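Chain by chain, the residues run as shown.
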Amino acid sequence: KIAGECHSPVLIVDVTAPESLLRSRLTDRAVSRGDVSEADEKILDYQLRTAEQVSEVEQATMIECDNTNDVDVSALVAKINKVVSRKLSRGNVE
């Protein structure tokens, strides 16, 4: 709603990875102690427990990003720019 009022396109980037990989990353981070993030397994459990399904309307404004391996950020940015440009050229800001 706010994006429409501001004439701004909406885009959701849905970043996913398998739960086992997320837990492994948390363990690695805890062992290295080099990360200032407060994220731990309790937070991950909460996020997994409270995650909401993406609605059909939201799916129409969504790009999926599989974070199982390193993400090609340049390719992701190019994809985002393409979708946003298309939305702007159509006047589609919702």
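Residues numbered from 1 in each chain as written. Predicted model: local features only at pLDDT ≥ 70, side-chain atom pairs only at ≥ 80, totals over all residues. Heavy atoms only, no water.

Novice: If you had to explain the overall build of the protein chain to someone new, which residues and values would you point to?
Specialist: What the protein chain contains, in helices and strands, is five helices and two strands. Considering only C-alpha atoms, the protein chain reaches an extent of 50 × 30 × 20 Å along its principal axes. Every one of the 94 residues in the protein chain was classed for burial, and the buried ones make up 13%. The contacts of the protein chain with a sequence gap of at least 6 include a subset with a gap of at least 24, amounting to 68%. In the protein chain, the 12 positive side-chain charges and the 17 negative ones have mean positions that sit 3 Å from each other. (Helix = DSSP H or I, 4+ residues; strand = E, 2+ residues; numbered from the N terminus. Buried < 20%, exposed > 50% of the residue type's maximum accessible area, 1.4 Å probe, protein only. Contact = heavy atoms within 4.5 Å. Lys, Arg positive; Asp, Glu negative; His and termini not counted. Charge placed at Lys NZ, Arg CZ, Asp CG, Glu CD.)

Novice: Hey, could you go over the environment of Ala-78 for me, with residue numbers and the actual values?
Specialist: Mapped onto the elements of the fold, Ala-78 is located in helix α5 (residues 73-90). Under the relative-accessibility criterion, Ala-78 is labelled partly exposed at 45%. A C-alpha to C-alpha distance of 32 Å links Ala-78 and Asp-45, two positions 33 residues apart in sequence.

Novice: I'd love a proper account of α5, names of residues and values included.
Specialist: With 18 residues, α5 extends 26 Å from end C-alpha to end C-alpha; this agrees with the ideal 26 Å at 1.5 Å per step. Of the residues that open α5, the one with a side-chain oxygen 3.3 Å from the backbone nitrogen of Ser-74 is Asp-72. Once α5 ends, the next one or two residues include Gly-91, with phi positive near 75°. (Expected span 1.5 Å × (residues − 1). Polar contact = N/O pair within 3.5 Å; in protein donor to acceptor, adjacent residues only side chain to side chain.)

Novice: Let's hear about the pattern of salt bridges: which residues, and what values?
Specialist: This model, assessed by the stated rule, comprises three salt bridges. For Glu-19, the salt bridge is made with Arg-23, and the minimal N-O distance between the two is 2.9 Å. Of the two residues, Glu-19 and Arg-23 both sit in helix α2 (residues 19-32), four residues apart, roughly one turn of that helix. For Glu-19, a relative accessible area of 40% puts it in the partly exposed group. A salt bridge links Glu-41 to Arg-23; its shortest N-O distance comes to 2.6 Å. Of the two residues, Glu-41 is situated in helix α3 (residues 41-50) and Arg-23 in helix α2; the sequence distance between them amounts to 18 residues. Each of Glu-19, Arg-23, Glu-41 and Asp-45 takes part in one network of salt bridges that share partners. (Salt bridge = Lys/Arg side-chain N within 4 Å of Asp/Glu carboxyl O.)

Novice: Describe in detail the environment of Glu-58, supporting the description with residues and values.
Specialist: The residue Glu-58 is located in helix α4 (residues 56-59) in this model. In this structure, the C-alpha to C-alpha distance between Glu-58 and Asp-45, residues 13 residues apart in sequence, is 24 Å. If sequence neighbours within four positions are ignored, Glu-58 has contacts with Ile-12 and Gln-53.

Novice: I'd like a description of the confidence of the model for the protein chain, backed by residues and values.
Specialist: Low pLDDT marks stretches whose predicted atomic positions should not be read closely. Of the residues in the protein chain, 94% have a pLDDT of 70 or more, and the chain-wide mean is 86. Here helix α1 (residues 2-5) stands out as the least confident element of the protein chain, with mean pLDDT 77; α3 is the most confident, with 94. (pLDDT = per-residue confidence, 0-100.)

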